[in-house]
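# Structural overview
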Amino acid sequence: MLRSIHAFLEFCYIARRNVIDTSSLAELEEALSRFHHYRKIFEECGVRTEGFNLPRQHFLVHYAALIRAFGAPNGLCSSITESKHIKAVKQPWQCSSHYKALSQMLLTNVWLDKIAACRADFVSRGMLDDVSSSGSLHIYELVLADS
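### With respect to a nonpolar patch on the surface
- Taken together, L2, I5, F8, L9 and Y13 make up a surface patch of nonpolar side chains, about 520 Å² in accessible area.
- Within the element layout of this structure, Y13 appears in helix α1 (residues 2-15).
- Residue Y13 is classed as exposed on the basis of its relative accessible area, which comes to 60%.

### Description of the packing of aromatic side chains
- Under the counting rule described, the total for this entry stands at three aromatic pairs.
- Pairing F59 with Y63 gives two aromatic rings, centres 5.5 Å apart and planes at 80°, and the pair type is edge-to-face.
- Here a set of aromatic residues connected by ring pairs shows up, and it is made of F11, F59 and Y63.

### Observations regarding the environment of Q91
- Topologically, Q91 is positioned in helix α6 (residues 78-95).
- Taking the relative accessible area as the measure of exposure, Q91 reaches 23% and is therefore partly exposed.
- Q91 sits 17 residues away from T108 along the chain, and the two C-alpha atoms are 9.5 Å apart.

Thresholds applied
- Residues numbered from 1 in each chain as written.
- Predicted model: local features only at pLDDT ≥ 70, side-chain atom pairs only at ≥ 80, totals over all residues.
- Heavy atoms only, no water.
- Patch = residues over 30% accessible without salt bridge, like charges linked within 9 Å, V, L, I, M, F, W, Y side chains within 5 Å.
- Areas by Shrake-Rupley, 256 points an atom, 1.4 Å probe, with all protein chains shown as cover.
- Salt bridge = Lys/Arg side-chain N within 4 Å of Asp/Glu carboxyl O.
- Helix = DSSP H or I, 4+ residues; strand = E, 2+ residues; numbered from the N terminus.
- Buried < 20%, exposed > 50% of the residue type's maximum accessible area, 1.4 Å probe, protein only.
- Phe/Tyr/Trp six-rings, centres within 6.5 Å; stacked < 30°, edge-to-face > 60°.

Scope: geometric values only; no functional claims are made or implied.
Now the structure itself:
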């Protein structure tokens, strides 16, 4: 079990480097290979009896190719895109009728963008206090409350 965790952490540390060269990529792929080899211990010990096939673990397979194509990720975190996904997709989906929801979701996002731009304009002109930092007013919550 420790070998699996060690291999995974080694992969993470290599992937977070600011500069990644070909030898680092070889180390990265080797650490991932060891992780996939040793992770079977979790199934054998009964920690994860149905196997390991998690989406974020699968994405690790693509790291080396993406680093070759786009360079070092410099600490990029998927939670950033996940939080954007919640605001841009999940919450508008909840506001929709769930029937042919894509156009409704896109319209909701357009409205929210326009409201945010209008609000920023009002704040810059001194027509509205910037209360977003205090957390007492959230435009999105107002839109959700009306739907």
